[in-house]
Amino acid sequence: MVPVFLFLTFFCVCFVAWMLMFPHNRTALADVAGRLRIRLPAGRHALLVAGLMLAVCLPPLLALTAGGRITLPGFEEQGRSVNVQIEALLKGEQLVPPQPLPPAMFTTAEVELVRPQLAGASRNWQLLDAEFAQRLLLVFRIMREKHGYEMVLLEGYRSPERQNQLAAAGPHVTNARAFQSYHQYGLASDCAFLREGKLLISEKDPWAMRGYQLYGETAEALGLTWGGRWTMMDFGHVELRRARR
């Protein structure tokens, strides 16, 4: 329907331009314009108007005559296989949070060196938004079954008081104050890896960095936002950006 409309518009514009460009046609066109109370340009102005009309309408016609659909490189339509795990989730499968790890695992010297205030973090899945929790659990499952990485929730819901406490530690921890973070709404989490029975939070370990990359790609595929793409990169952070209640 749209191509036909463009073609008819181009035809009408070309007809009017042709009438303007040749003096012997202007008499008939002037009669029509007079009845419609339209003032026609004269002399060189008529040629200029005709030329502009052709210049504006010629590109659409060329695009139509080129035929076929125009797509940007790399964006051609391709068949996509639906991940069976994602399909199962969409059908209503309810994933169950893993068993909580011993609190001592989050207070070792190695962990304290990287996340010194992790001991006071909440890892209660019940405090997370239900939809976000299901997406995150699916990320965990895919990371384990497809990539061989066991994921661990470091922190989920974060109280306003704790958010201000972390912000007071400096911008190297967080720039967000109370209610400026999705953590306060149960829509964000910080995660890391479990390797050989130990919690691993590292940006220097190649295995961990590969895991973070896979983690980010998986999370984004499920509609989550990954902190690894931020200016202040936060590789373990993911959040569900939607209206916060």
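Here is a short report on the structure shown in this document. (Residues numbered from 1 in each chain as written. Predicted model: local features only at pLDDT ≥ 70, side-chain atom pairs only at ≥ 80, totals over all residues. Heavy atoms only, no water.)

## A look at the overall build of the protein chain
The test is simple: Under the DSSP-based scheme used, a helix requires at least four consecutive residues in state H or I and a strand at least two consecutive residues in state E, with every element numbered from the N terminus. The buried label applies to any residue whose accessible area, calculated with a 1.4 Å probe on protein chains only, is under 20% of its type's maximum; exposed applies above 50%, and partly exposed to all values in between. The contact definition used throughout considers only heavy atoms, calling two residues in contact when any of these lie within 4.5 Å. Only the protein chains shown count as cover for residues, and the accessible areas themselves come from Shrake-Rupley with a 1.4 Å probe.
Looking only at helices and strands, the protein chain has eight helices and five strands in total. Listed N to C, the secondary structure of the protein chain is α-α-α-α-α-α-β-α-β-β-α-β-β in terms of helices and strands. The 245 residues of the protein chain split such that 35% are buried. Across the protein chain, contacts joining residues at least 24 apart in sequence account for 63% of those joining residues at least 6 apart. Accessible surface, the protein chain as shown: approximately 15,800 Å² in total, 61% of it carbon and sulfur.

## Points about the pattern of salt bridges
Opposite charge on two side chains makes pairing possible when the charged atoms of those side chains draw close. This is how it is decided: Salt bridge, as used here: a side-chain nitrogen of Lys or Arg that lies within 4 Å of a carboxyl oxygen of Asp or Glu.
One pass over the structure, following the stated rule, counts 13 salt bridges. The salt bridge involving Glu-155 is made with Arg-115; its shortest N-O contact spans 3.8 Å. Of the two residues, Glu-155 is situated in strand β1 (residues 150–155) and Arg-115 in the loop between α5 (109–114) and α6 (130–145); the sequence distance between them amounts to 40 residues. Classification of Glu-155 by relative accessible area gives buried; the value is 0%. Measuring nitrogen to oxygen at the nearest pair gives 2.5 Å for the salt bridge that ties Glu-220 to Arg-229. Given a relative accessible area of 53%, Arg-229 falls into the exposed group. If you follow the salt bridges from partner to partner, you end up with Arg-115, Glu-155, Arg-158, Arg-162 and Asp-190 in one network.

## So, the environment of Asn-124
Topologically, Asn-124 is positioned in the loop between α5 and α6. According to the relative accessible area criterion, Asn-124 is partly exposed, its value standing at 37%.

## A word on the packing of aromatic side chains
Here the distance between the centres and the angle between the planes together describe a pair of aromatic rings. Using the following cut-off: Aromatic contacts are taken between Phe, Tyr and Trp rings whose centres are within 6.5 Å, Trp giving its six-membered ring; a plane angle under 30 degrees counts as stacked, one over 60 as edge-to-face, and the others as tilted. Geometrically, a charge over a ring is one whose NZ (Lys) or CZ (Arg) sits within 6 Å of the ring centre while staying within 35 degrees of the ring normal.
Applying the stated criterion across every chain, the model contains eight aromatic pairs. Considering the side-chain rings of Phe-193 and Trp-207, the 5.8 Å spacing of their centres and the 70 degrees angle between planes classify their relative orientation as edge-to-face. One end of the pair, Phe-193, is in strand β2 (residues 188–195); the other, Trp-207, is in helix α8 (residues 206–221), and 14 residues separate them in sequence. Phe-193 sits in the buried class, given a relative accessible area of 0%. Residues Trp-226 and Phe-235 carry aromatic rings whose centres are separated by 6.1 Å and whose planes lie at 50 degrees to one another, so their mutual orientation is tilted. Taking relative accessible area as the criterion, Phe-235 reaches 12% and is therefore assigned buried. In textbook terms, an aromatic cluster arises when at least three aromatic residues are bridged by ring pairs, as seen for Tyr-149, Phe-193, Trp-207, Tyr-212, Trp-226 and Phe-235. The ring of Phe-106 has Arg-123 lying over it, and the distance from NZ or CZ to the ring centre is 3.6 Å.

## So, the nonpolar core
Quick reminder of the rule: Remark: nonpolar core denotes a set of buried residues (Ala, Val, Leu, Ile, Met, Phe, Trp, Tyr, Cys) joined through side-chain atoms within 4.5 Å.
In terms of nonpolar packing, the biggest core is built from 42 residues, with Leu-136 and Tyr-215 touching the most fellow members. For this core, the elements supplying multiple residues, two or more each, are α6, β1, β2, β3 (198–200) and α8. The biggest single contributor to this core is α6, with nine residues. In this structure, Tyr-215 is in contact with Leu-136, Val-139, Met-143, Met-151, Ser-189, Cys-191, Trp-226, Phe-235, Gly-236, His-237 and Val-238, ignoring residues within four places of it in sequence.

## Regarding the pairing of β2
What counts, and what does not: Pairing between two strands is assigned when DSSP locates at least 2 bridges connecting them.
With six of eight residues buried, β2 lies mostly within the body of the structure. As paired elements, β1 and β2 share five bridges and run antiparallel to each other. Note that in β2 the partner of Val-152 across the bridge is Ala-192. Of the pairings in the sheet, the one linking β2 to strand β5 (residues 237–239) comprises three bridges and is antiparallel in character.

## As for α6
Where we set the bar: To estimate the expected span of a helix, subtract one from its residue number and multiply by 1.5 Å. In protein, a polar contact means a hydrogen-donor-capable atom and an acceptor-capable atom, both N or O and within 3.5 Å, with residues adjacent in sequence counting only if both atoms are side-chain atoms; elsewhere, any N or O pair within 3.5 Å suffices.
Between its terminal C-alpha atoms α6 stretches 22 Å, which fits the 22 Å expected from 16 residues at 1.5 Å a residue. Within α6, burial applies to Phe-132, Ala-133, Gln-134, Leu-136, Leu-137, Leu-138, Val-139, Phe-140, Ile-142 and Met-143. For α6, the capping residue at the N-terminal end is Asp-129, with a side-chain oxygen 3.1 Å from the backbone nitrogen of Glu-131.

## Quick look at unusual backbone geometry
A positive phi angle, near 65 degrees, is found at Phe-179, a position not held by glycine. With respect to the helices and strands, Phe-179 occurs in the loop between α7 (160–168) and β2. A relative accessible area of 49% places Phe-179 in the partly exposed class. Look at Glu-196: it is not a glycine, yet its phi comes out positive at around 55 degrees. Locating Glu-196 in the fold gives a position in the loop between β2 and β3. A relative accessible area of 78% means that Glu-196 is categorised as exposed.

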